[in-house]
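Spelled out, the chains give:
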Amino acid sequence: MATDRPTDNGDDEDFTPSPREALHLNAQLSQYNLGRVVSAVPLEIRSSDICDGSGLFVSAEIDAGREIYHVHPLTGAIYANNKSFCHHCCEDTQDVLGGPSKAALQTKACTGCRAARFCSKECQKSAWPLYHKEECKLLQKAPNMTAQNLITHRLLFWHRRGGLSKQLAASLLRLETHFADFNKDDKRATELHDIAVAIQEALGTKVALTVPWRLVAAMRINCVRLRPASRKESVGYAVDICTAMINHSCDPNAFVFFEGRQLRIRSLKKIAAGEEVTICYLDPTLDVAARKALLKHEYFFDCYCNRCKSEIREQRSLLGGSNELSPLHQAQREVLGLINSAVRASNYPGIYAALEDLPAIETGVRTITAGAFPPEKPWPEHMEPLPSARLALAMLYLGQGKPVAALRNALKGKLLSTRTDGGPDWVNEMLDVVTVLIVAGSLPPDAPAFADTDFPSVDDIRNVAYGYLLKVSQRARKAFGRDSEYARGISSMAVTMAAKKAGAVFGGEEFVVEFEPAQRKVLAWAGVPEENGICLA
Ligand SMILES: C[S@@+](CC[C@H](N)C(=O)[O-])C[C@H]1O[C@@H](n2cnc3c(N)ncnc32)[C@H](O)[C@@H]1O
């Protein structure tokens, strides 16, 4: 895939790296990059309040749930193993909300490299002269080129053709590379060197090796994950200079998502005039130990944000003031490992049959978590990775046609977690809960689950599904924007369900009267305290 090739005409200035000077120290370049984004508030690139180097700031207050800016990144690339997204227009060929797919065709692999995939002849034809003619040859020689490495090659190829403006080339040279840090580790240094050699060969020997070498490192640090609104995971990477100026927080005030090729960044909280914009570089649902380890390994810094501090404090107090957290962190890694292997196994049914034994995985999770805390103070239900593990188990059970086990796990995983902020992850996860409720609400009257007198009725399950969908739809509009395709898709799903619903009008006051006792019954069966339920009023 690719997004836009920069339209500015380049000049002949040599694209040779020199010692990095942070972008904010060059006012003209900062302005140039800010001018590429369509922003709803005035923005500034200046010295960061969080770390050495640059940061992005808003110069006027912005409320929670507003767009900060949108932009077409310089370029982006979809992961090689992703067959659902077009590698050129970045549209999803699967409609996760169940409506008619926009790109109704499956993606087809390029017959030359067999790596790039396109949703249409038009996309394939557009990609060919822009970048794929070159990349096809590169991918045939080096089929393991990752998305970030392809982006490096593409930027240098465009530069060689004079397609990158002088300002963009100069800005790329001002990106953080952590080049020395990468080279401290022999394995990573060799890997980066070998990729740089492959890119240098593909571009022609006129390019000094240090150019791709440093740019490969810069792309590792500065590419943003290409995550569409409807997905819990990224499907590729993209690079945009303004967005590359945004520093990390585990409790960020903004988040990035993609609609096709377009990068959109929205506020999660009110951001005061003059405040630095932050995003979370990783999956924010990870626990503090996993986040810290990944940030150190991938971005070479120690995170001291308030969320990290308060989670570490909580863990110490739960362990009676102990500073020895490594057994707990080991248990967290084991739970994650168990769940991740079950998720991987679900992609290869039959091959890892043992890992498809979900009750055994659940028992494994229980045993690991029970061993990490004293029996009188068991593993708190909200502490990761337990909520995420339960949600993952819910979707795995659903995939195996076991909606009852899925329902218990989904409700416990979502409602006992502390992620009640209505943000983008909350929306994605709650939509999974709704999906499970809808399937459970379609159980036939003679299903064995109904032999259990505590099991809620089909009407109760359906009412909870409707109520949760209503809430998700409201929250999606705020988190992703009313105009986002995802929020619009969720709203139309709610409208379709409302049309089928008997009884009180969907969303009206009478519906709340139906919903509340239904939710009480469903939660009591699942073992979730009533106060953790969703409030519709
Ligand atoms: C994408 S760049 C962000 C812009 C960068 N500050 C600059 O000057 O170009 C990512 C790098 O910024 C720094 N960084 C980002 N967030 C940080 C944080 N919360 N604490 C310390 N350093 C951070 C790290 O060096 C990281 O590798």
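Residues numbered from 1 in each chain as written. Predicted model: local features only at pLDDT ≥ 70, side-chain atom pairs only at ≥ 80, totals over all residues. Heavy atoms only, no water.

Draft legend 1. Structural detail: the sheet that holds strand β5 (residues 75-78). Reading across the sheet, the 3 strands line up as β5-β9-β8 and stay open at both edges, with antiparallel pairing between neighbours. Strands at the two margins of the open sheet, each flanked by one partner only, are β5 and β8 (224-226). Within the sheet, the average angular offset between the axes of one strand and its neighbour, ignoring direction, is 30°. Inspection of the sheet shows β8 paired to strand β9 (residues 236-239) by 3 bridges, in the antiparallel sense. Directly across from Leu226, in β9, lies its bridge partner Gly236. Most of the contacts of helix α3 (residues 147-160) go to β5, to which it runs at about 145°, and overall it touches β5 and β9. (Pairing = 2+ DSSP bridges. Helix = DSSP H or I, 4+ residues; strand = E, 2+ residues; numbered from the N terminus. Axes fitted to C-alpha atoms, helices over the stretch in contact; angles between N-to-C directions. Contact = heavy atoms within 4.5 Å.)

Draft legend 2. Focus on the environment of Gly236. Summarising the element assignment, Gly236 is placed in strand β9. Classification of Gly236 by relative accessible area gives buried; the value is 0%. In the structure, Gly236 is positioned 11 residues away from Arg225 in sequence and 6.0 Å away in space, judged by C-alpha atoms. Residues in contact with Gly236, not counting those within four places in the same chain, are Ala77, Ile78, Tyr79, Val224, Arg225 and Leu226. (Buried < 20%, exposed > 50% of the residue type's maximum accessible area, 1.4 Å probe, protein only.)

Draft legend 3. Examining the sheet that holds strand β4 (residues 67-71) more closely. In spatial order, the strands read β1-β4-β12-β11; together these 4 strands make up an open sheet with antiparallel pairing. What marks the edges here is a single partner per strand, and that holds for β1 (38-39) and β11 (254-259). Of the pairings in the sheet, the one linking β4 to strand β12 (residues 262-267) comprises 4 bridges and is antiparallel in character. Each bridged residue has a counterpart across the sheet, and for His70 the counterpart in β12 is Arg264. The sheet contacts of helix α16 (residues 458-480) involve β11 and β12, and relative to β12 the element is tilted by about 105°.

Draft legend 4. Structural context of the pattern of salt bridges. Per the stated rule, a full pass over the model turns up 22 salt bridges. Arg264 is the partner of Glu67 in a salt bridge, and the nearest nitrogen-oxygen pair spans 3.1 Å. Highlighted residues: Glu67 in strand β4 and Arg264 in strand β12, separated in sequence by 197 residues. For the pair formed by Glu67 and Arg264, the shared burial category is buried. (Salt bridge = Lys/Arg side-chain N within 4 Å of Asp/Glu carboxyl O.)

Draft legend 5. Representation of the site of the ligand within the structure. For the ligand, the set of nearby residues contains 16 residues, the closest of which are Ser54, His178, Asn247, His248 and Tyr299. At a separation of 2.7 Å, an oxygen atom of the ligand approaches a polar backbone atom of Ser54. Between the ligand and the protein, one listed contact pairs a nitrogen atom with a backbone N or O atom of His248 at 2.9 Å. Contact with the protein chains hides 92% of the accessible area of the ligand, taken as 560 Å² for the molecule alone. In terms of residue class, the shell around the ligand is built from 9 nonpolar, 6 polar and 1 charged. (Near = heavy atom within 4 Å. Polar contact = N/O pair within 3.5 Å; in protein donor to acceptor, adjacent residues only side chain to side chain. Areas by Shrake-Rupley, 256 points an atom, 1.4 Å probe, with all protein chains shown as cover. Nonpolar A, V, L, I, M, F, W, Y, C, P; charged D, E, K, R; others polar.)

Read these as geometric descriptors, not functional statements.
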